[in-house]
Amino acid sequence: MAALSVSRHCEAKSANTVITRHSLSRPFGKAISFAESDCFGSLNPILAITTALPKPISEPRTRTNFNKNWKFFLGDESGAKSNAYLDSKWRLLTLPHDWSIEGKFDEKNPAKPEGGGLPTGIGWYRKEFTAPPNYQNRLITIEFDGVYKNSEVWINGKYLGKRPYGYSSFSYEISKFLKTGKNIIAVKVDNSAQPDSRWYSGSGIYRNVWLTSTAKVAVSNWGTFVTADYVKANSFHPNVHHQLPFDIAVVKIKTNLINKTGKIQSAIVVQNIYDPKGKLVKKDAFTIKKLGAVEDLTNEFYDINNPMLWSIENPFQYKLVTQILQNGKVIDSYETKFGVRSFDFDAEKGFSLNGKSMKILGVCLHHDLGALGAAVNVRAMERQLEIMKAMGVNAIRTSHNPPAPEFLDLCDKMGFLVMDEAFDMWAKKKTKNDYHLNYPEWHKRDLEDMIKRDRNHPSIILWSIGNEIREQFDSTGIAITKELVGIVKNLDKTRPVISALTETKAEKNFIYQANALDIYGLNYNHKLYKDFPKNYPGVKFLATETTSALETRGFYDTADSIRRWPKDGKTKFTEGNKEWSASAYDNVSAYWGSTHEETWKEAKKYDHVSGLFVWTGFDYLGEPLPYPWPARSSYFGIVDLAGFPKDTYYMYQSEWTSKPVLHILPHWNWEAGKSVDVWAYYNNADEVELYLNGNSLGKKSKQNDDLHVLWDVNFEPGTLKAVSRKNGKEVLVREVKTAGAPAKIELIADRKNIKADGKDLSFVTVRILDAAGNVVPNADNLVNFKVEGNGFIAGVDNGFQASLEPFKANYRKAFHGLCLAILQSTEKSGTIKLTAIAVGLTTNSIIIKTGK
Ligand code: GAL
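Conventions we followed
Residues numbered from 1 in each chain as written. Predicted model: local features only at pLDDT ≥ 70, side-chain atom pairs only at ≥ 80, totals over all residues. Heavy atoms only, no water. Helix = DSSP H or I, 4+ residues; strand = E, 2+ residues; numbered from the N terminus. Rg over C-alpha atoms; globule rule 2.2 N^0.38 Å. Buried < 20%, exposed > 50% of the residue type's maximum accessible area, 1.4 Å probe, protein only. Polar contact = N/O pair within 3.5 Å; in protein donor to acceptor, adjacent residues only side chain to side chain. Contact = heavy atoms within 4.5 Å. Core = buried A, V, L, I, M, F, W, Y, C linked by side-chain atoms within 4.5 Å. Pairing = 2+ DSSP bridges. Axes fitted to C-alpha atoms, helices over the stretch in contact; angles between N-to-C directions. Phe/Tyr/Trp six-rings, centres within 6.5 Å; stacked < 30°, edge-to-face > 60°. Near = heavy atom within 4 Å. Areas by Shrake-Rupley, 256 points an atom, 1.4 Å probe, with all protein chains shown as cover. Nonpolar A, V, L, I, M, F, W, Y, C, P; charged D, E, K, R; others polar. UniProt positions renumbered as here; feature names shortened; annotations may be inferred. pLDDT = per-residue confidence, 0-100.

The secondary structure content of the chain amounts to 8 helices and 47 strands. A globule of 852 residues ought to have a C-alpha radius of gyration of about 29 Å, and the chain, at 29 Å, matches this closely. Considered along the principal axes of its C-alpha atoms, the chain spans approximately 95 × 70 × 55 Å. Counting over 852 residues, the chain shows a buried share of 61%.

Have a look at this one:
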């Protein structure tokens with residue numbers, strides 16, 4: 001390796017300077033640029049690669065969670081911006097907070113059923129706090145991860161600014177407005193102009209808030225950009241002039257420094273890279289003799305040899321620590337996680353990650369967390385992702401807006417690819433008061449901020465500049481597309497830019513005509529996949545949104561025919577059924593979409609289809625197609641709003657994972673003699689044999705492109721049993737039994753030990769069982785909850801899309817035998833005891849432990 005490593009030589013410009021630039025083994029790399037910096041060739045012991053981080057830290061950067069002790073008022077109180085305002089009657093709460101989810105469903109709510117049918121309006125938040133230590137000599141910044149929407153912020157009565165887009169993260173520097181003792185921050189949130197969204201947005205400071213304190217010379221917020229290309233042995237990289245006989249990572253770091261002292265400064269910048277095991281693998285240092293108000297530095301490493309790659313299976317992350325030193329002390333330390341990986345979209349072969357071909361098996365997700373509304377909770381997001389992972393999903397599209405930062409952290413950590421999406425509309429509206437009103441003034445800032453905030457996440461492989469944008473249908477689309485792609489490329493050239501399109505004729509699609517996108521993203525139209533290469537030779541292709549099938553968990557309507565609800569563009573609602581439900585046999589879809597099987601069969605056939613994002617992984621609040629009120633949440637999910645999988649989940653699991661799957665549907669409670677379609681999803685087996693009360697109903701095997709097998713069975717009560725076999729050997733057995741009357745309650749917690757941090761959650765599934773322990777498939781008993789100890793109910797749900805029961809309650813009706821109680825810890829360690837009571841059923845309790 002030594003033979004291939006060349007140390008960079010730097011000229012000493014000042015004999016007095018002791019700063020060293022070293023540790024750069026750079027196999028024939030390009031020059032490194034340091035704005036206003038010098039580097040020198042002698043080794044300084046304090047920066048030797050084997051040493052720990054330079055010490056001491058004089059007064060480190062702090063980033064404190066700023067969620068507690070906010071006062072909230074629902075309504076407009078213009079006087080509340082002033083410190084003199086008395087808020088003693090306001091409600092005290094902890095952020096993140098979504099006031100809409102606390103409200104009552106009402107068809108007349110201005111957000112309409114499409115927006116979830118919950119209240120919106122104007123709300124105010126105020127928080128009294130003490131300025132951080134030594135604030136006069138520090139840079140104090142308040143960071144909002146997201147406020148929906150039109151936030152305006154005041155500190156001690158001084159206006160800091162506004163941010164219309166509810167999905168952008170933003171910050172204000174508040175140092176100069178702080179005073180010793182009491183300070184007050186006031187935030188007005190205005191979500192009153194409705195309708196403003198095609199789905200449920202939530203209202204309020206629904207993401208985390210942080211208070212950051214740094215020295216006046218510091219790395220700026222989102223101030224690093226690390227790209228880390230994985231270069232396979234004996235392959236070519238544009239910046240490395242020779243092919244190497246081993247794998248390397250080419251790491252490029254851009255750092256933005258700020259100096260708010262008002263004077264030119266000098267500083268030493270140290271950049272250390274730690275591998276995923278925490279071992280220091282690279283170290284670099286250089287001086288900046290004349291640090292102005294803002295400085296951009298670029299630094300490159302060409303020799304992280306045999307790097308540990310970020311992948312879906314092993315999402316390893318490296319860590320860059322950037323330190324600024326003055327007078328021998330570290331005055332700032334800023335961490336950036338990144339991953340080493342390569343990926344490629346190919347017009348013929350599709351997608352590959354780290355040189356390995358694979359299909360993007362994605363789902364679209366909106367940001368709401370069901371019964372918790374839009375209020376960010378890391379555990380709730382993690383649970384969603386765990387459920388998706390177990391189904392075989394490897395990619396998420398954050399439809400149709402930038403997500404919470406923690407969501408991307410989870411995707412990095414758990415191994416999901418991400419298509420990060422900026423907008424659902426540009427200058428042309430989709431709903432009356434949506435973002436089109438802010439687009440002209442804000443789109444550049446919002447798009448730039450999304451890229452700057454998110455570009456270090458290894459999970460992100462695609463930037464989407466918009467979903468089904470109206471401008472694709474007229475010539476204004478050309479200029480806007482070019483502009484937006486330019487904004488993205490200016491900040492990140494390492495990821496392709498895409499837009500989710502619906503106009504399928506190239507000559508009529510003006511976003512496509514702009515000729516600026518890297519990949520053709522098509523929504524729906526699965527029948528066009530086949531001939532895409534013929535119609536668009538050499539164009540890379542991704543199915544950015546698919547399917548839009550409609551299902552209600554546990555509801556089965558005859559599987560004989562496929563229904564399109566609504567049937568065409570002229571029909572808004574379908575006749576449907578009086579249960580406000582859609583069959584879980586995967587035989588209902590919107591007319592523009594397809595059943596799950598229809599699209600997946602096409603997508604899996606062709607290598608040129610890089611992947612797909614199914615609409616949607618989970619049901620979400622709002623957009624309750626195909627039903628009118630009281631339907632208020634979507635039917636599109638593969639998993640319902642409470643997190644209970646619908647049957648199709650197992651079709652994907654049988655196709656998208658290698659773990660053995662056998663799943664039969666429907667339940668086994670029917671009228672005697674009824675002819676019932678029994679389906680089985682399976683894999684890793686040659687056949688499935690079905691038995692009713694011990695009698696074989698025959699063996700079935702999937703033929704051609706079948707994704708399930710089926711039997712037409714005359715119902716008789718008892719036990720339906722399926723056995724999958726490979727080479728005659730049993731693989732799996734599944735049984736479903738005719739249930740008797742509801743008799744008892746079963747409580748199953750996803751986790752029985754949670755953190756006593758005031759945030760952690762235990763999701764408790766409530767199952768209504770008969771005396772023999774079978775789930776009663778149509779049980780709808782009202783379950784009342786009692787909570788004792790160190791926790792509370794954060795929300796309840798049952799997954800029924802037309803339920804108007806509140807989410808914040810201590811009761812819930814079961815729906816098809818199930819409901820859910822979400823328990824949240826307090827900060828006190830101990831236990832949470834949940835008791836579930838229903839008339840006529842045996843009561844049950846469960847105990848969750850909470851600890852530090
Ligand atoms: C798509 C749209 C999604 C959702 C979906 C429902 O056209 O991009 O946001 O509305 O339809 O089928």
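Attention shifts here to the side chain of S175. With respect to the secondary-structure elements, S175 resides in the loop between β9 (170-173) and β10 (182-191). Within the structure, the side chain of S175 is placed 2.8 Å from the backbone nitrogen of I140, a separation counted as a polar contact. Setting aside residues up to four positions removed in sequence, S175 forms contacts with Y135, R138, L139 and I140.

To continue, consider the nonpolar core. Grouped together as the largest cluster of nonpolar side chains are 151 residues, with contacts concentrated most on L447 and W668. Filtering out sequence-adjacent residues up to four positions away, W668 remains in contact with V676, V678, L692, V713, F715, E716, G718, L720, V736, K737 and T738. Counting residues in hydrophobic clusters, the runner-up holds 27 residues, among them W70, L93, Y135 and I205.

Our focus in this paragraph is the sheet that holds strand β45 (residues 818-825). Strand order across the open sheet formed by 4 strands is β39-β41-β45-β43, with antiparallel pairing between neighbours. Taken across any chain shown, the strands that pair with only one partner, and hence form the sheet edges, are β39 (744-749) and β43 (791-797). Ignoring which end each strand starts from, the neighbouring axes of this sheet average 25° apart. On the sheet, helix α1 (residues 378-391) packs against β41 (761-769) and β45 and is oriented at approximately 55° with respect to β41.

Here the structure, examined in full by the defined rule, presents 42 aromatic pairs. With a centroid separation of 4.6 Å and 10° between ring planes, the pair formed by F532 and Y536 is classed as stacked. For the pair F532 and Y536, one class covers both residues: buried. With a centroid separation of 5.2 Å and 70° between ring planes, the pair formed by Y649 and Y650 is classed as edge-to-face. Overall, Y649 belongs to the buried group, its relative accessible area being 5%. Following the ring pairs from residue to residue traces out a cluster consisting of Y148, Y165, Y167, F423, Y435 and Y439.

Taken together, R198, H400, N467, E468, Y524, E545, S548, W592, W615, E623 and F636 are the residues near the ligand. One of the side-chain nitrogen or oxygen atoms of E545 is found 3.0 Å away from an oxygen atom of the ligand. Here an oxygen atom of the ligand sits 2.9 Å away from a polar atom, N or O, in the side chain of W592. When isolated, the ligand has an accessible area of 310 Å², and the protein chains bury 94% of it. Per-class residue counts for the shell around the ligand are 4 nonpolar, 3 polar and 4 charged.

With respect to the helices, strands and loops of the structure, G292 is situated in the loop between β15 (280-291) and β16 (294-305). By relative accessible area, which is 15% here, G292 ends up buried. The sequence separation of G292 and L361 amounts to 69 residues, and the corresponding C-alpha distance is 47 Å. Leave out the neighbours within four places in its chain, and G292 touches N259 and I264.

Turning our eyes to something else, we now look at the pairing of strand β34 (residues 687-692). The buried fraction of β34 is high, at 6 of 6 residues. Here β34 shows no split at all, with E687, E689 and Y691 on one side and V688, L690 and L692 on the other all buried. In this sheet, strand β37 (residues 719-726) lies alongside β34 in antiparallel orientation, the contact comprising 6 bridges. Paired with V688 across the bridge in β37 is S724.

Let us now look at the UniProt feature "domain: Glycosyl hydrolases family 2 sugar binding" (unreviewed entry) in the chain. UniProt feature "domain: Glycosyl hydrolases family 2 sugar binding" (unreviewed entry): in the numbering of this structure it lies at residues 120-213. A distance of 34 Å separates the end C-alpha atoms of residues 120-213, which is 0% helix and 49% strand.

Let us now look at the confidence of the model for the chain. A residue-level look at the chain finds 93% of positions with pLDDT of 70 or above and a mean pLDDT of 93. In this model residues 1-51 is a low-confidence stretch, pLDDT under 50, and it forms 127 contacts with partners more than four residues away in sequence or in other chains.

The next thing to look at is unusual backbone geometry. In the segment running from Y148 into K149, the intervening peptide bond is cis, with an omega of -10°. Tracing the chain through its elements places K149 in the loop between β6 (139-144) and β7 (151-155). Put simply, Q194 and P195 share a cis peptide bond, and its omega is -10°. Looking at where P195 falls in the secondary structure, it is placed in the loop between β10 and β11 (209-214). Phi at N150 is positive, roughly 55°, even though this residue is not glycine. Structurally, the position occupied by N150 is in the loop between β6 and β7. Taking the relative accessible area as the measure of exposure, N150 reaches 25% and is therefore partly exposed.

To continue, consider helix α8 (residues 648-656). The buried count for α8 comes to 7 of 9 residues, which makes it a mostly enclosed element. In the core, the buried residues of α8 are packed alongside β22 (360-364), α1, β28 (541-547), α7 (596-605), β31 (609-615) and β33 (675-682).

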